[in-house]
Amino acid sequence: DTRMSFRFFSPPRDMKKEIRDLTGKPADFWCQRGDAMALRLFQYACKTTSAYRQFLNKYKVKTKNIRTIGDFKKLPLTDKTTYLRSFPYRDLFPDSDMSHITTISATSGSTGEPFYFPRGEEQDWQSEYVAEIFLRNQFDIHNKKSLVIIGFGMGIWIGGILTYKYFNQLARKGYHLSVAPAGTNIELCLKTVKQFAHLYDQVILIGYPPFIKDVIDEGPAHGVSWKKHRIKILTAAEGYSEQFRAYLTRHAGIKNPLTDTINIYGSVELGTMAHETALTNLIRGYLAKDLDLRRTILPHSHDLPTLAQYHPDIVYFEEVDGEVVASGLGSAMPLIRYRFADRGGVVPFDDMVRMLKEHGIDIVLEARKRGIASAVMRLPFVYVGERVDLALVVRGANIYPDEIKTALQHKSLEKFVTGKFTMIKKEDKQLNEYFEINVELKKGLRPQGLLAGDIQKVVVETLRKINSEYSDQYQSVPKIMTPPIILWAFQDNLYFKVGTKQKWIKK
């Protein structure tokens with residue numbers, strides 16, 4: 001049975017021992033395991049997957065010549081267009097066999113038609129394995145009774161269902177977890193907190209970052225006092241700034257933002273690929289304050305990207321021309337050197353420690369001072385910024401959603417706006433192109449001109465400070481490069497419909 005011949009490793013019987021063993025491994029151990037997995041996955045795909053064999057033939061690749069990791073890194077990249085949509089769907093699966101599939105998930109379709117990625121139980125187990133490690137290391141789930149509220153959409157998208165499955169499986173293994181799959185319903189999330197939170201040691205809020213912010217903001221109006229509970233936050237689907245983390249920390253009464261907030265880098269293609277750790281959160285705090293340090297360590301990023309660690313023997317990351325590509329078997333389709341169009345790169349653990357030390361930061365010592373050293377694994381780092389194809393281009397200036405997010409997180413605005421927006425490029429009567437920003441107000445507020453003017457001022461000042469392309473164009477045509485701000489009521493259906501992933505750019 002060739003389908004079952006490719007396994008990463010057997011599930012550990014004793015996770016406490018597993019974590020103890022892994023925290024003691026040197027960085028080279030992870031590099032070697034990652035290289036070995038990538039080569040095994042390539043051989044497996046060549047042996048079993050018709051579409052991949054045809055793909056290699058198209059590029060005249062002789063499989064017998066791919067013997068080392070250096071050879072592997074010369075293989076052609078795959079993506080939705082050149083690979084997934086170019087071959088019969090069944091041929092993307094080992095032996096063209098789909099009988100072992102248990103769950104079907106789909107992309108959001110934000111960049112085109114949805115594509116479907118089925119998974120078997122073995123793929124779900126990979127995400128469960130990684131989650132169990134970081135949930136023990138940071139959320140202490142083996143020692144605390146936890147109320148888990150899942151605020152991801154519970155439809156065909158991977159976030160909600162996969163998260164529910166692995167939390168449910170962890171509960172079956174003996175962890176004291178109670179899971180409430182509330183979905184993207186703010187009121188239901190808050191009612192669950194009011195009804196049950198006092199019965200548990202901690203509450204784990206899970207969802208898209210803007211949705212979790214909405215839940216926290218709306219809590220007091222529903223009689224929820226966050227500081228009465230120990231709150232942990234688990235997010236995914238997009239990155240956020242350190243100002244945003246500080247906001248959540250402040251308003252949710254979070255005790256330790258290093259350990260109590262985790263953002264996941266995941267995809268429907270490969271599931272949970274990487275995740276923040278207490279160490280990455282510590283490092284990111286330094287990067288947020290020092291632009292030169294950030295440019296040295298994370299050269300392929302426009303703004304402060306998500307910084308995460310990953311298990312290279314589950315997902316193998318590479319940096320190619322300033323983008324992140326990955327290989328793995330996180331769905332039932334083997335993916336080799338798959339391109340997401342995410343700007344970013346990879347930093348080996350020892351290189352990260354060395355570069356920080358060259359800038360006067362002994363991160364190992366700092367981790368010890370913060371009490372997180374015992375949980376540190378010497379896993380490699382991956383950093384992920386904006387999508388390469390997700391920018392609004394106005395008069396040659398690339399304007400990224402993260403830059404507008406930064407502006408809307410200004411302290412003078414946080415009482416009025418949720419942080420969600422949609423940018424649109426338009427033309428005036430003289431066919432001059434410009435862009436407008438549609439901004440969502442907090443619940444109960446009405447649009448008014450003075451606030452729109454305040455937002456506009458902060459947006460322009462922020463863009464001029466952090467975006468040289470915008471600043472150059474602004475000096476030439478300030479009127480055209482000053483975006484109109486359109487204010488919308490909370491959860492207005494046009495741009496801020498409940499239950500859908502926020503579209504930061506509408507083209």
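Reference entry: report on the structure contained in this document. Owing to the predicted nature of the structure, the values given are computational and were not obtained by experimental measurement.

Things to note about the overall build of the protein
When you go through the protein residue by residue, the secondary structure sums to 18 helices and 19 strands. In terms of overall dimensions, the protein is globule-like: its C-alpha atoms have a radius of gyration of 23 Å, near the 23 Å expected for 507 residues. Counting only C-alpha atoms and orienting by the principal axes, one finds that the protein spans roughly 65 × 60 × 50 Å. Taking all 507 residues of the protein together, the buried fraction comes to 55%. Restricting to contacts in the protein with at least 6 residues of sequence separation, those with at least 24 account for 74%. Within the structure as shown, the protein displays about 22,200 Å² of accessible surface, and the carbon and sulfur contribution to it stands at 49%.

So, the packing of aromatic side chains
Using the criterion set out here, one finds 23 aromatic pairs in the structure. Seen from their ring centres, Tyr-310 and Phe-317 are 4.8 Å apart, and the 85° between their planes marks the pair as edge-to-face. Through a chain of ring-to-ring contacts, three or more aromatic side chains come together here, namely Phe-42, Tyr-52, Phe-55, Tyr-59, Tyr-83 and Phe-87. Of note, Lys-25 hangs over the ring of Phe-29, and the distance from its end group to the ring centre comes to 5.0 Å.

Section: helix H10 (residues 242-252)
Of all the positions in H10, only Glu-242, Phe-244, Arg-245, Tyr-247, Leu-248, Thr-249 and Ala-252 are classed as buried. For H10, the secondary structure elements touched by its buried residues are helix H9 (209-218), strand S6 (231-236), helix H11 (257-260), strand S7 (261-267) and helix H12 (278-289). One or two positions beyond H10, positive phi appears at Gly-253, with a value near 65°.

Examining the packing of helix H8 (residues 186-196) against H9
Each pair of packed helices can be summarised by the angle the axes make with each other and by the distance between the axes. Packing of H8 against H9 brings their axes to within 10 Å, and their N-to-C directions diverge by 55°. Here H8 lies oblique to H9, going by the angle between them. Here H8 and H9 pass one another in a crossing that is right-handed. Seen from H8, the contacting residues are Ile-186, Cys-189 and Leu-190; seen from H9, they are Phe-211, Asp-214, Val-215 and Glu-218. Tallied by class, the residues present in the contact of H8 with H9 amount to 5 nonpolar, no polar and 2 charged.

Notes on the environment of His-302
Looking at where His-302 falls in the secondary structure, it is placed in the loop between helix H13 (291-297) and strand S9 (306-309). A relative accessible area of 31% means that His-302 is categorised as partly exposed. Here the alpha-carbon distance between His-302 and Glu-386, two residues 84 residues apart in the chain, equals 7.7 Å. What His-302 contacts, discounting residues up to four positions off in sequence, is Arg-343, Glu-386, Tyr-400, Glu-403 and Asn-467.

Observations concerning the nonpolar core
One finds Tyr-52, Leu-234 and Phe-317 to be the most contacted residues of the largest nonpolar core, which totals 105 residues. Looking at this core element by element, the count peaks at 9 residues for helix H2 (residues 27-48). Discounting residues that sit within four places of it in the chain, Leu-234 has contacts with Phe-134, Phe-139, Tyr-166, Phe-167, Ile-204, Leu-205, Ile-206, Gly-207, Ile-262 and Ile-264. Among the nonpolar cores identified, the runner-up in size contains 29 residues, and Ala-397, Tyr-470, Met-481 and Ile-485 belong to it.

A look at the packing of helix H6 (residues 121-139) against helix H7 (residues 158-172)
Running from N to C, H6 and H7 point in directions that differ by 70°, and their axes come no closer than 9 Å. With respect to each other, H6 and H7 are oriented roughly perpendicular. As for the relative orientation of H6 and H7, their crossing is right-handed in sense. Seen from H6, the contacting residues are Glu-121, Asp-124, Ser-127, Glu-128, Ala-131, Glu-132 and Leu-135; seen from H7, they are Leu-162, Lys-165, Tyr-166, Phe-167, Gln-169 and Leu-170.

Observations concerning the pairing of strand S12 (residues 335-347)
For S12, the tally of buried residues reaches 10 of 13 residues, placing the bulk of the element in the interior. Looking at chain direction, strand S11 (residues 323-328) and S12 are connected through 5 bridges and run antiparallel. Looking at the pairing, Val-325 lines up with Arg-339 of S12. Where S11 folds back onto S12 in an antiparallel hairpin, the turn is made up of 6 residues. As judged from the 5 bridges shared by S12 and strand S13 (residues 381-387), these two strands associate in the antiparallel manner.

Side note on the pattern of salt bridges
Counted by the stated rule, this structure contains 30 salt bridges. Of the charged contacts, one joins Lys-17 and Asp-21 as a salt bridge, the two residues approaching to 3.0 Å between their closest N and O atoms. You can see Lys-17 and its partner Asp-21 sitting in helix H1 (residues 15-23), 4 residues apart, about one turn around the helix. When the shortest N-O distance is used, the salt bridge between Arg-33 and Asp-313 registers 2.5 Å.

Quick word on the sheet that holds strand S19 (residues 505-506)
Read from one edge of the open sheet, 4 strands run S18-S17-S16-S19, paired in mixed fashion. Taken across any chain shown, the strands that pair with only one partner, and hence form the sheet edges, are strand S18 (485-488) and S19. Bridging between strand S16 (residues 417-427) and S19 involves 2 bridges; their strand directions are parallel. The residue bridging Ile-424 from the neighbouring strand is Lys-506, located in S19.

The rules behind these values
Residues numbered from 1 in each chain as written. Predicted model: local features only at pLDDT ≥ 70, side-chain atom pairs only at ≥ 80, totals over all residues. Heavy atoms only, no water. Helix = DSSP H or I, 4+ residues; strand = E, 2+ residues; numbered from the N terminus. Rg over C-alpha atoms; globule rule 2.2 N^0.38 Å. Buried < 20%, exposed > 50% of the residue type's maximum accessible area, 1.4 Å probe, protein only. Contact = heavy atoms within 4.5 Å. Areas by Shrake-Rupley, 256 points an atom, 1.4 Å probe, with all protein chains shown as cover. Phe/Tyr/Trp six-rings, centres within 6.5 Å; stacked < 30°, edge-to-face > 60°. Lys NZ or Arg CZ within 6 Å of the ring centre and 35° of its normal. Axes fitted to C-alpha atoms, helices over the stretch in contact; angles between N-to-C directions. Parallel < 35°, antiparallel > 145°, perpendicular 65-115°, else oblique. Left-handed = near helix turned anticlockwise from the far one by under 90°. Nonpolar A, V, L, I, M, F, W, Y, C, P; charged D, E, K, R; others polar. Core = buried A, V, L, I, M, F, W, Y, C linked by side-chain atoms within 4.5 Å. Pairing = 2+ DSSP bridges. Salt bridge = Lys/Arg side-chain N within 4 Å of Asp/Glu carboxyl O.

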